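Okay, here's what each chain looks like letter by letter:
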Amino acid sequence: MTEGHDYKKFAILYVDDEEMSLKYFSRAFGGQFRILTAANAQDGYRLLEQHKDEIGLLMTDQRMPGEKGVALLEKARQLRPRIIRILATAFADMDAAIAAVNNGSIFKYVTKPWDPPQLEITLKRALELFMVRRERDQLLLEKMSVLHNMMIADRVVSLGLLAAGLSHHIRNSLVAVKTFLDLAPAKLREENIDLDALQNPDFWKDYYSSVQAQIAKITGMLRNLGAASEQPHFEFRDEVNLHGIVAQVAAELAQPLQQKGIALVNRVPVDLPSLRVDRPKFHRLFELLIKDEIVSLPVGSEVVIAAETSTEPKSGRAELSVTVADNGPGLPKESLRLLFDPFALRSDTPLEYGLNLMACYFIVHHHGGRIDAHSEEGKGTTFRLHLPLNSSGLHGAQDSAATLQKFIGNEELWQRLLTVE
């Protein structure tokens, strides 16, 4: 074993229809490599799917009953582009080997019968290439994550400046409009003009109420924009019960929920472990989520909030998995991709922006958790929050790349960039 390389870290999958060849390969190289074997292309691909994160090299015979080796290598490239692919072939199959090399399906071909010492060197070089590429991809992903954080930070600062500027100028203008509207009824009474006696009085009453509502809406949007763009300071000192937080927020928003006929069902178990959080911001998180549901859902909808304990798969830390699910019309795929983008229109009527959800994203992120959404047109939308039981103020670095990609760009594009051969 060459110093610096652990050749058993990733497995080699060898596919051959000759049973003796499989046994000989395992016996010859099992001491230095982790070996998986399959007797045909179908079984080989099944193993590849089951162990796709563990296999670094696929070596297959070309001539086998049913699907040929080249076809298996091409399917493997589609499933896991970074897996190193080697074709074992006899001289009679040289045309197939050359074609596979030319179209990029394989790293190398070896002739049968293979020479064990030479093949050992080939297997080591192939696994080394796989590990080097993997390390390079991880470094690239980390740099992308840093870049994304910088882009988001810049965008948040820009939002803050925009909010401050808009607030100053728009509020000054709205003060004059609101003052005029507030004084109008009194002025009419001074002139001994009865509002009910005016032509089409219902129109003027509705117009007055509508303008007041629009002013409140604009000032509210500016307030939310400013709040969402603040550089947050978090203090993780509070032990909270999730069921209690949801119940409290539901009580506070009872009136707008009732006005729209939206039923909020709290299915969070009372006996779940408590969370260590920044209580005001954690309370704000669920307030914004429910407000977003109120804005987005049609009359008579239902929102169900549930939770359970779980384990974060990468770190093994204990966490709560929370779902906020509605039975609304759902969202198309493109709208779902931009769900946490504050500049994306949420709907045509009413005109809303994703400011609340952007703030939710940052609150969850600063608690070391992650949030995503799943939706299907006609079948509602579900938000999934994964919150560590004990937030330390450290961001969820292991998931930051994926969440940031979803937040500011097309994650499928980034994935394609990472897997270009």
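Use the structure listed above.
Residues numbered from 1 in each chain as written. Predicted model: local features only at pLDDT ≥ 70, side-chain atom pairs only at ≥ 80, totals over all residues. Heavy atoms only, no water.

**Details of the nonpolar core**
Soluble globular proteins tend to bury their nonpolar side chains together. Our working rule: In plain words, nonpolar cores are sets of buried Ala, Val, Leu, Ile, Met, Phe, Trp, Tyr and Cys residues tied together by side-chain atoms within 4.5 Å. Think of it in three bands: with a 1.4 Å probe and only protein chains considered, a residue is buried below 20% of the maximum accessible area for its type, exposed above 50%, and partly exposed in between. Helix and strand definitions follow DSSP, with helices as H or I runs of at least four residues and strands as E runs of at least two, each counted in order from the N terminus. For this analysis, residues touch if any pair of their heavy atoms sits within 4.5 Å.
Ranked by size, the top nonpolar core spans 40 residues in total, and within it Phe 282, Phe 286 and Leu 385 carry the most contacts. Of all the elements in the fold, those that place two or more residues in this core are α7 (242–252), β8 (275–277), α9 (279–296), β9 (302–311), β10 (318–326), α11 (355–366), β11 (370–375) and β12 (381–388). It is α11 that contributes the most residues to this core, eight residues altogether. The residues contacting Leu 385, other than those within four sequence positions of it, are Leu 285, Leu 289, Leu 320, Ser 321, Val 322, Val 324, Val 364, Arg 370 and Ile 371. Of all hydrophobic cores here, the second largest spans 22 residues; its members include Phe 10, Leu 22, Ala 88 and Leu 123.

**Side note on α9**
Operational definition: Multiplying one less than the number of residues by 1.5 Å gives the expected span of a helix.
Between the first and last C-alpha of α9 there are 26 Å, a value that for 18 residues agrees with the 26 Å anticipated at 1.5 Å per step. Along α9, the residues classified as buried are Phe 282, His 283, Leu 285, Phe 286, Glu 287, Leu 288, Leu 289, Ile 290, Asp 292, Glu 293 and Ile 294.

**As for the packing of helix α2 (residues 41–50) against helix α3 (residues 69–79)**
Note the cut-off: For helices, the axis comes from a line fit to the C-alpha atoms of the stretch in contact; other axes are also lines fit to C-alpha atoms, and the angle between any two N-to-C directions lies between 0 and 180 degrees. Each angle gets one of four labels, with under 35 degrees taken as roughly parallel, over 145 as roughly antiparallel, 65 to 115 as roughly perpendicular, and the rest as oblique. Helix crossings fall into two classes, left-handed where the near helix is turned counterclockwise from the far one by less than a right angle and right-handed where it is turned clockwise. Only Asp, Glu, Lys and Arg are considered charged in this grouping, and only Ala, Val, Leu, Ile, Met, Phe, Trp, Tyr, Cys and Pro are considered nonpolar; every other residue, Gly among them, is considered polar.
Close contact between α2 and α3 brings their axes to 10 Å; oriented N to C, the two are set at 15°. Taken together, the axis directions place α2 and α3 in an arrangement best described as roughly parallel. Pair α2 / α3 crosses with right-handed handedness. Contacts between α2 and α3 involve Ala 41, Tyr 45, Leu 48 and Glu 49 from the former and Leu 72, Lys 75, Ala 76 and Leu 79 from the latter. Class assignment for the residues of the contact of α2 with α3 results in six nonpolar, no polar and two charged.

**Brief notes about the packing of aromatic side chains**
Rule in force here: Stacked, tilted and edge-to-face pairs are distinguished by plane angle, under 30 degrees for stacked and over 60 for edge-to-face with tilted covering the rest, among Phe, Tyr and Trp rings (Trp via its six-membered ring) whose centres lie within 6.5 Å.
The final tally for this structure, using the stated rule, is ten aromatic pairs. With 5.0 Å between their ring centres and 75° between their planes, Phe 10 and Phe 130 make a pair best called edge-to-face. Here Phe 10, found in the segment before β1 (11–15), pairs with Phe 130, found in helix α5 (residues 116–190); they are 120 residues apart in sequence, far enough to count as distant. In terms of burial, Phe 10 and Phe 130 fall into one category: buried. Ring centres of Phe 29 and Trp 114 lie 6.1 Å apart, and the angle between their planes is 45°; this geometry places the pair in the tilted category. Of this pair, Phe 29 sits in helix α1 (residues 19–29) while Trp 114 sits in the loop between β5 (108–111) and α5; the two residues are 85 residues apart in sequence, bridging distant segments of the chain. For Phe 29, a relative accessible area of 1% puts it in the buried group.

Purely spatial values, then, with no claim about function.
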